[in-house]
Structure formats: structure tokens, C-alpha cells
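Chain by chain, the residues:
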Amino acid sequence: MIGLISATAAGAAARDRLAAAWPERTRVYDGPVADAVRRAFGECEQLVCFLATGAVVRLVAPLLGDKASDPGVVCVDEGGRFAVALLGGHGGGANELAREVGESLAAQPVVTTATDAVGVPGLDTLGLPFEGDVAGVTRALLDGEPVALEAEVAWPLPPLPLADSGSYRVRVTDRAGEPAAGEVLLRPPTLVVGVGASKGAPVAEVLGLVEETLRDAGLSARSVAELATVDAKSEEPGIVLAAERLGVPLVTYPADALAGVAVPNPSDAPLAAVGTPSVAEAAALIGGGELLVPKRKSAGGPAMATCAVVRRPGRGRLAVVGLGPGARDLLTPRAKAELRRASVLVGLDQYVDQIRDLLRPGTRVLESGLGAEEERARTAVAEAREGRAVALIGSGDAGVYAMASPALAEASDDIDVVGVPGVTAALAAGAILGAPLGHDHVSISLSDLHTPWEVIERRVRAAAEADIVVTFYNPRSRGRDWQLPKALGILAEHRAPATPVGVVRNASRPDESSRVTSLGELDPATVDMMTVVTVGNTATRNIAGRMVTPRGYRWQEDPH
């Protein structure tokens, strides 16, 4: 919950705007300001104070504990011009909150954390549990001192200025142990603990077995990704509570799926009880990986719990990112976050140029020219298979005539794939033209480089006969000048010459141009590869220079 505090009418007005924008996330604290801050500080994860920074400093100073538990605090001036991350920039999430508040209130976020200032991701912001001298190692990174990376297990990290050796060290490990001086341990979630239990097994016995097993194997409980068991035990209290106390999800599998997993220690007892000769080992191994600890039983007699531990290999991460039609304000926040998360960027050179300034220092950029789509897809997948965090970019939405298809055709289930949607050219052009896509519509690429013209023509005829609005991508180039006239001729067999047609070139870019013409008047020679052509259906109208396709409700029908 985010506590909101203000002292004046102007501050209250901005406070109320934020409360209205985030009704589920915020709570307004009224009354004397000092009391309001004290109550919110103890009850909320974050605070937004519509007060001067000096006043907030004096109010929160007596309340400070440590950076791991203090809430993040953001100050907004009473004019609503700035949102200042004052306290808990990373641990308390104040930096990101300042950006969100700034976006919501049209204020300028002010973030002074050293790593943010130079574009280096903070070691405490990587989404991994961490231990050790974060401040000292971060200071060394900022001062340009060599900081070594020792990755005992592969994990996709964002770009960090790390070296092969140095007096400071970042170690990525799931092994137990205390960090040395000048060292930070990052704990990736690589361990899966398979668990079996008799009915009524106490949580103390299940949890004690898991913790003892990890301790004896020299493994960190902070690297446990999940507890796994058979479906029949999905509501067994001892297992459910053990997962809750470890702070990890409980994942369950059907008995027949576990029965198909080869294990070193099958048993007749679980086969009779739940239909599989192994629960703990099979549940841990079903997703693949290395069996670090074979099945162990809990102490005492009779033993009511079993567990086994598997290390799953670190998986690379491929984000397929749609950049939108070109305008920076149509690039989604999620896309920006993925660009900053990636240690490797793969893309068409002209698209890379659009977003190069958003990349973190040290991001490795692999760019190529037109016509190398399949090569880029293979490169991105190969980099992800090496355990890296990769972003593969495309214009518009990466899944629409772009890089998602070749990349996913190349990828298998050995990497994680994340799709990041983008504003498509059809949507951008539609918004410029009016509302041409108000009813059923279809997008068709007229490029026959990868699709035979016979197939394209069949699709155009189907759309024409079905009276569907059509958006043509790749309509005409120097080497392909007959396809658009042919497609328009097919549509003209089913639609009147007065049917509105929208032509948008470089949608959302500085040299954007657009016009609404008609099927009978459109000159294909005025169209190129940077253009999107939208042809209305028989209901589409030109209203005040805008294309409008009715949604088809009966009350919109023209009685004349």
C-alpha cells in the first residue's frame, strides 16, 4: 500500500488526483502531518508526501531503521512539478515509484541514486536474493575498479561492467556460504525440491527435512525456486505450509506424469498410495536437471516425509520486443524495461538506431541490414541458449510481419521466451485516419518474397467477398509495382469506386503524411513500402475527412 500525505490545499489536490488514479494502491492519511507520516511509515510499503523535501527529511529521520525494511519515500512539490525519490530508491522501490508518480501527475521524476545516474543496474535490483557488500562492490563499479564476475551457475543478467578478475567480486551461486569481504552473492532460483509426505505429516517434519537436506548438501535455501509434489498431495497441510514458510510456490504434477520419470530410487509404497513409484525424485526431475540429492527420508520412525533436490540449468531469456510505429511515446513502458534488461540486443540497424539511447552501457548490439531476418532470429536464439538476456526487436508489434515468427520457429523449450506487444502499423494508421477498423478487419502483406502471389491473391479475394476492411502492408516497392493495383482491382469487384481508402506514410514519425481518398481515385504510384493502405468495407464512410466503419449496431443503420 502507498500512503499519501499532504499539508496544504494545493498538495491535497495533487494527492487526490493520485488517489483517484490508483484507488487500489493508495491510502490517504489525514490529520496532523507528523502523525500522518508516522502512521503511514509504519503501515505502508511506500509513501508519497506532497511536502517540501526538507520537511519530509525532518519528519522521517526519527523513524528510520535500515534500508532493507524502511519504506520507499517520494516527495512531490506542491506545484506538482517534480517527484523526488528521497528514501529507499532501490530497496523501497522509490526510484520506480517516482517515475510512476511523474507519469501519472505529469511531473518530472528526480532520481539521484548513483547507479541510476550512470545507467548501471543496481545489484539489489536484479530480482535475485543477494548477500554481501552491495555498497562496497557498487562503489567499485562506479569508480571503474575491476569487479570480477564468477558465475557458478548461468543466469541471464543485464549488462554489468564486470571483469574476469578483480579485488571485488560478484558471485552467482546457489551454494551456501557467507560472502567474503568485497563480495556480493547473487542467489538464482535454480533448485527444485521434490517432496513426498504421508497423510497428516507435520509441517515441522517436512520443513525440517528440506532445510536439513539443503544444509547438508551445502545449498542455499534462498535459491529454492519451488517445492514439487504429486497432485494428490496438493492440499497436504504439511507440504503446503512448508512451501509458504520457504516463500516459494508449490507445483504439483499428475501421478501418471511422474510415473514416466526415470529415478534412481523407485518404491512400491508411493505406487500403492498415489499411483507413481516416485514422488520426491520424480517431481524434482520432471523438468530436467541434475539430481544433487537423491531421495532422503525424515528422521524418526516412521518417517512421514521424503525429499530430493535437483539443480535445473540456468535458462537464457529471449524477449521479442515490438517497438511500435516509430514515435517514442508509442513505445510501451514494458518494451523500455526489456531493452534495459537485455545484455544483448539483436535487430535491424535502422530500428537499433531508434532506441540506442535507451540501452544500458555495456549492452552488446548485434545489428544487420534488410533481408537478414532469419539470420537475426538464429543469432538471438543462439545468444539466449548461452544463458544470456537477449532482446530481439522489430517495428510495430514483433508478432505481426516481424521477428517473432522466425525466432519462435527457431527456439525450443530450452530458453524462456517473452513477447512484448507493440502498437502495429495498422493501428497507428487507423488512429490517424479516424476509425476505419471499427468492425471486422484483416491485414494482408502484398510482399510475395516469402509468400506465393497465388496465396496472397486468394486471401485478398476472400476478404473482398466477405466485405472485411483490409489493411495492406508492404503494398508497393520499386521491384514490386503491380501487386497493389491487382489487389485493389480485386476489391473493386465487390466494392463501389467511392469506398473510402486511407493512405498513411511513416505513421507517427516526424515526416508522417496521410490522406483519405477512394478506391476509384487512389493512384498506386503514390504508395511505397513506408505506406499503409486501408480499404474500407461497404459500410465505411468518409465523415468530415475521416474514415469511419460502423460497429454494426442496429441503431446505426441508415433507414434511407
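Preceding block: the structure.
Fair warning: this is a prediction, and the values are worked out from it, not measured in the lab.

1. Quick look at the overall build of the protein
If you tally the helices and strands in the protein, you get 18 helices and 28 strands. Judged by the C-alpha coordinates and their principal axes, the protein covers about 85 × 70 × 55 Å. Taking all 560 residues of the protein together, the buried fraction comes to 46%. Considering only contacts within the protein whose residues lie at least 6 apart along the sequence, 64% involve residues at least 24 apart. As displayed, the protein has an accessible area near 26,100 Å², and 52% of this comes from carbon and sulfur atoms.

2. Points about the sheet that holds strand β26 (residues 531-535)
Hydrogen bonding along the main chain pairs the strands of a sheet, whether they run parallel or antiparallel. Read across the sheet, five strands follow the order β22-β23-β26-β24-β25 without closing on themselves; strand pairing throughout is mixed. The open sheet has two free edges, formed respectively by β22 (441-445) and β25 (513-518), since each of these has just one partner strand. When the angles between neighbouring strand axes are averaged without regard to direction, this sheet yields 20°. Lying over the sheet, helix α18 (residues 483-492) contacts β23 (469-473) and β26, oriented at roughly 175° with respect to β23.

3. As for unusual backbone geometry
The backbone of A106 shows a phi angle near 60°, a positive value even though the residue is not glycine. Position of A106 relative to the elements: it lies in the loop between α4 (94-105) and β6 (108-110). Unusually for a residue other than glycine, S508 sits at a positive phi of about 75°. For S508, the position within the fold is in the loop between β24 (500-505) and β25.

4. Section: the packing of helix α17 (residues 453-465) against α18
What describes two packed helices is the angle between their axes and the distance between those same axes. Following both chains from N to C, one finds α17 and α18 inclined at 30°, their axes separated by 9 Å at the closest point. When the interaxial angle is binned, α17 and α18 end up roughly parallel. Of the two elements, α17 crosses α18, and the hand of that crossing is right-handed. In contact with W453, E457, V460, R461 and A464 of α17, α18 contributes Q483, K486, A487, I490 and L491.

5. Structural notes on the pairing of strand β5 (residues 82-87)
Summarising the sheet, strand β4 (residues 72-76) and β5 pair through four bridges and their orientation is antiparallel. The residue of β5 that forms the bridge with V73 is L87. As judged from the three bridges shared by β5 and β6, these two strands associate in the parallel manner. Looking at β6, one finds that F82 is bridged to Q108. Regarding topology, α4 serves as the crossover connection from β5 to the parallel β6, and that connection is right-handed.

6. What to know about the sheet that holds strand β28 (residues 546-548)
Pairing in this open sheet of three strands is mixed, and the strands run β21-β28-β27 from one edge to the other. The strands lining the two open edges of the sheet, one partner per strand, are β21 (434-435) and β27 (541-543).

7. Digging into the nonpolar core
Ranked by size, the top nonpolar core spans 23 residues in total, and within it V193, V195, V206, L214, L227 and V309 carry the most contacts. Counting residues per element, the ones that place at least two in this core are β11 (191-197), α7 (203-216), β12 (224-230), α8 (237-246) and β15 (305-311). The greatest single-element share of this core, amounting to six residues, is contributed by α7. For V206, the residues in contact, after removing those within four places along its chain, are V195, A197, A201, G238, I239, A242 and A305. With 21 residues, the next largest nonpolar core counts V460, A464, I490 and V503 among its residues.

8. As for the packing of aromatic side chains
One pass over the full model with this rule turns up two aromatic pairs. Each ring, one from W453 and one from W482, has its centre 5.1 Å from the other, and the planes form 70°; the classification is edge-to-face. Of the two residues, W453 is situated in helix α17 and W482 in the loop between β23 and α18; the sequence distance between them amounts to 29 residues. For W453, a relative accessible area of 10% puts it in the buried group. Sitting above the plane of the W22 ring, R25 keeps its charged end 4.3 Å from the centroid.

9. Focus: the side chain of D174
Following the sequence through the fold, D174 ends up in the loop between β9 (168-172) and β10 (183-186). Residue D174 is classed as buried on the basis of its relative accessible area, which comes to 1%. Within polar-contact distance, the side chain of D174 engages the side chain of T190 at 2.6 Å. Looking at D174, its side chain comes within polar contact range of the side chain of R311, at 2.8 Å. With near-sequence residues (within four places) excluded, D174 lies in contact with V153, R187, P188, T190, L191, L219, S220, S223 and R311.

Here is what the cut-offs are and how they apply
- Residues numbered from 1 in each chain as written.
- Predicted model: local features only at pLDDT ≥ 70, side-chain atom pairs only at ≥ 80, totals over all residues.
- Heavy atoms only, no water.
- Helix = DSSP H or I, 4+ residues; strand = E, 2+ residues; numbered from the N terminus.
- Buried < 20%, exposed > 50% of the residue type's maximum accessible area, 1.4 Å probe, protein only.
- Contact = heavy atoms within 4.5 Å.
- Areas by Shrake-Rupley, 256 points an atom, 1.4 Å probe, with all protein chains shown as cover.
- Pairing = 2+ DSSP bridges.
- Axes fitted to C-alpha atoms, helices over the stretch in contact; angles between N-to-C directions.
- Parallel < 35°, antiparallel > 145°, perpendicular 65-115°, else oblique.
- Left-handed = near helix turned anticlockwise from the far one by under 90°.
- Right-handed = clockwise from strand over helix to strand, strands pointing away.
- Core = buried A, V, L, I, M, F, W, Y, C linked by side-chain atoms within 4.5 Å.
- Phe/Tyr/Trp six-rings, centres within 6.5 Å; stacked < 30°, edge-to-face > 60°.
- Lys NZ or Arg CZ within 6 Å of the ring centre and 35° of its normal.
- Polar contact = N/O pair within 3.5 Å; in protein donor to acceptor, adjacent residues only side chain to side chain.

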